[in-house]
Every structure is written in C-alpha cells, then in structure tokens.
Protein chains: 2
Amino acid sequence: MRFQKTTEYAIRVMVFLADHMDERYSANQLHQTLQIPYKYLGRLMQKLSNAGLVEVTQGKQGGYRIIQDLSNIYLSEIVNVVEGLADYGRCVLGFPQCSDENPCSLHKIWKERQESITKMIYDTTLADLQSNGSKKY
Amino acid sequence: MRFQKTTEYAIRVMVFLADHMDERYSANQLHQTLQIPYKYLGRLMQKLSNAGLVEVTQGKQGGYRIIQDLSNIYLSEIVNVVEGLADYGRCVLGFPQCSDENPCSLHKIWKERQESITKMIYDTTLADLQSNGSKKY
DNA sequence: TCTATATTCTACTCAGAGGTAGAAATAAGA
DNA sequence: TCTTATTTCTACCTCTGAGTAGAATATAGA
Ligand code: SF4
Ligand code: SF4
C-alpha cells in the first residue's frame, strides 16, 4: 500500500521545481539534488514534459522549468503521468464489479479512507505545497 | 496506490472464512467461490496457515478453517503475511530519513491519510467484518 | 563553425509480483 | 488395503516496475 517509487520521484521533482520557479534545472542537477537515478530521471522528465507539466529547453544551458500557474497543477495530474489514476476507486477485495448497494462488510470503512486520499490528490495543487521560508532542498 | 493483488486475495479469503466459521473449505472450493487462481491460492493459504491464521487439514475432506476467535485476528496480520508492514509510515516523497520536525509541505496532509489507513488495518478485526445477514458470497 | 552541455532515443538488465505445471505427501473412507 | 481428494513441494514462466548504457540529436556560446 504505497505510491510507486517513480510517482514519489515525480512528486519530488515537481515540488522542488515549484519552490524554484523561473529557474531551469538540468536532469543532472535534479539528479544530484534530489537523489534520483540520472538516466531514469531523464525518462521521467520526458513524460512530465510531454504531459505539459514542465517546459523543457534542449542543449547547453537547457533544462526543465515550470511555467504554468502553480495553482493549476494538481497532484492528480502528476500521479496520472506515472502510475495512472485507475487504482483510485479500486475495491479493497479486488473484485471487478460491485455496486455500492448491499456492500460487503469492509466497503464503508475502506471507501472513506480511499476517498480521502483521492480527494487529496485531486484537490491539492503545487501552490498549496510551496514551502515559503524553511526550505529543505 | 493500492494493496497488492495477493493482499486482496488474502483479505477475501479471510473475510469469507470468517463468515463461515466451523466449516472447512478446500483450496478448490475457495478458488471457485472467490475467483482466485487455484495453484496461486495454494501457496497463499500455506502462508496464512504458517502464520497461524487458518487451521489446515490435509487429505480427503481436508481444507482450511479459522479456529481463532475472530476478534483476535487483525487485518494488519493478514497484510503482514503477504506484503509486510514496512510501507506503512513511508515518506510520500520516498526519502529514507526525515524527522517530523521542519517537515516538507506535503508531510502533514499525507501523514494524516496514511495514519488513517494504518489505524484501519491495526484496529479492524475479522469480527468487525462479519456480515450477519445479507451475505454476498 | 566548433565545442561543450543538454535532452532524446533505443536497447538492454535486474528484481519481484503474479501465475502455471507436475509430482510427492497425507489422510478419510470405501 | 486401496482409492480418491486433498495439501505441499519444486520448478518453471510471464509481466511490470526500476535501473543502466550508449549513441543520436539539439543548442548556447566561444
Ligand atoms: S462491497 Fe466489498 S467487494 Fe464490493 S466493491 Fe465494496 S469492498 Fe469491494
Ligand atoms: S517531511 Fe516531507 S520529505 Fe520528510 S518524511 Fe515528511 S513527507 Fe517525507
């Protein structure tokens, strides 16, 4: 029960870039600062840029940057790029089809928690996550 | 962000057996009733029995059964048998070391949800999950 | 134009989850 | 005792997430 490692990487990068808007960071800089495997990060960044979440500049002095308004970038978009959103809403017992009427005994207690996390990724934007002052990275 | 498929299987089996205490079910019966791959289920049941969660009888008319008091079997034990509990408490950014002091911007909102799920699996027993009446399976 | 620093593309490797196959061991009951 | 239904053991296979390697492409700036 956790996010995929790649999703963690993606959130790490986006939160970091959000805290350093208007600056470009190369894959190598991000790799060193955020402890993410260099080559792996390259492919991840490509996905994020294809999804329009970061702007990319090639060549010397190039790198990645966020240009969108931070309050328009939701965690759900980041999660979607990496692991997709299909699992949110999944039955805790793994059954494919099951209406909410006449639910099994675990349904209610599980759905509450699941929806709380779903709500979190759909409601939280990078603007909510800016750490003004006390930056750690 | 979801349980492993095998964990779902395990919970399915245990909830089913809890609803049918004092009856033995063979792997084949469970396989057909709960739609879990037969051979795969065999290995899963072995783990559950090694952990003492089910009693097993070999040979003809054999099968699996719960003998413990249902209120003594916590979801956390079931999860532990399959995927372990190490991920509960994991940092949402995947960093290995990070104290709760001077937390990053995501820490609080994430910890709340994570602890809610952790609490669920540590506090819920099979007795809480018995569906008296309206059984679906 | 050339060079250094970037991203991008392609093709691997590795580990673990999920699943399959078949034979061996066990025990109830005819 | 023999048969049959069962678990158990061992060995594979497949798929996906994670990570590595190297060459190709792009571009700022000397
Ligand atoms: S009622 Fe139970 S089986 Fe059906 S979707 Fe909800 S948790 Fe899954
Ligand atoms: S403060 Fe942030 S980085 Fe540190 S453990 Fe909490 S979520 Fe992870």
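Parameters at a glance
Residues numbered from 1 in each chain as written. Chains lettered and ligands numbered in written order. Predicted model: local features only at pLDDT ≥ 70, side-chain atom pairs only at ≥ 80, totals over all residues. Heavy atoms only, no water. Near = heavy atom within 4 Å. Nonpolar A, V, L, I, M, F, W, Y, C, P; charged D, E, K, R; others polar. Helix = DSSP H or I, 4+ residues; strand = E, 2+ residues; numbered from the N terminus. Buried < 20%, exposed > 50% of the residue type's maximum accessible area, 1.4 Å probe, protein only. Contact = heavy atoms within 4.5 Å. Polar contact = N/O pair within 3.5 Å; in protein donor to acceptor, adjacent residues only side chain to side chain. Least-squares fit on C-alpha atoms with pLDDT ≥ 70 in both. Salt bridge = Lys/Arg side-chain N within 4 Å of Asp/Glu carboxyl O. Axes fitted to C-alpha atoms, helices over the stretch in contact; angles between N-to-C directions. Parallel < 35°, antiparallel > 145°, perpendicular 65-115°, else oblique. Left-handed = near helix turned anticlockwise from the far one by under 90°.

J.: How should I be thinking about the site of ligand 2 in this particular structure?
T.: Around ligand 2 sit B:Cys91, B:Val92, B:Leu93, B:Phe95, B:Cys98, B:Pro103, B:Cys104 and B:His107, and that is every residue in its neighbourhood. Considered class by class, the residues forming the shell around ligand 2 number seven nonpolar, one polar and no charged.

J.: Sorry, what's going on with the environment of B:Asp123 here?
T.: Residues and elements named next belong to chain B. In this fold, Asp 123 is placed in helix 5 (residues 107-123). For Asp 123, a relative accessible area of 41% corresponds to the partly exposed category. Separated by 50 residues in the primary sequence, Asp 123 and Ile 73 have C-alpha atoms spaced 9.9 Å apart. Excluding residues within four positions of it along the chain, Asp 123 makes contact with Tyr 74 and Asp 128. In this structure the side chain of Asp 123 is engaged in a polar contact, spanning 2.8 Å, whose partner is the side chain of Lys 119.

J.: In this structure, what is going on with the relation of the copies chain B and chain A? I would like to understand it.
T.: A rotation about some axis, followed by a shift along it, carries one copy of the chain onto the other. Note on the copies: chain B fits chain A at an RMSD of 0.1 Å, the axial shift is 0.0 Å, and the rotation between them is 180 degrees. Expressed as an axis order, the relation between the two copies is that of a two-fold axis. Of all interface residues in chain B, 100% are interface residues in chain A too; the two copies therefore contact each other through one and the same surface.

J.: Please clarify how the pattern of salt bridges should be interpreted in this entry.
T.: A pair can form between side chains of opposite charge whenever their charged atoms are brought close. All names here are of chain A. Evaluated as defined, the whole model comprises 12 salt bridges over all chains. The partner of Glu 112 in a salt bridge is Lys 108, and the shortest N-O contact between them spans 3.3 Å. With a gap of four residues between them, Glu 112 and Lys 108 both fall in helix 5 (residues 107-123), about one helical turn apart. Since its relative accessible area comes to 60%, Lys 108 is described here as exposed. Linked through salt bridges whose partners overlap, the residues forming this network are Lys 108, Glu 112 and Arg 113.

J.: I'm lost on the packing of helix 1 (residues 5-19) of chain A against helix 4 (residues 75-82) of chain A in this one. Help?
T.: A pair of packed helices can be characterised by two numbers: the angle between their axes and the separation between those axes. Residue and element names in this part refer to chain A. Viewed as axis vectors pointing N to C, helix 1 and helix 4 meet at an angle of 140 degrees, and their least axial separation amounts to 9 Å. Overall, the two elements helix 1 and helix 4 adopt an arrangement that is oblique. Handedness of the helix 1/helix 4 crossing: right-handed. Taken together, the residues of helix 4 that come into contact with helix 1 (itself represented by Thr 6, Thr 7, Ala 10, Ile 11 and Met 14) are Leu 75, Ile 78, Val 79 and Val 82. Residue composition of the contact of helix 1 with helix 4, by class: seven nonpolar, two polar and no charged.

J.: Could you clarify how one ought to interpret the site of ligand 1 in this entry?
T.: Surrounding ligand 1, one finds A:Cys91, A:Val92, A:Leu93, A:Phe95, A:Cys98, A:Pro103, A:Cys104 and A:His107. Grouping the constituent residues of the shell around ligand 1 by class yields seven nonpolar, one polar and no charged.

Any functional reading would require information beyond the geometric quantities listed.
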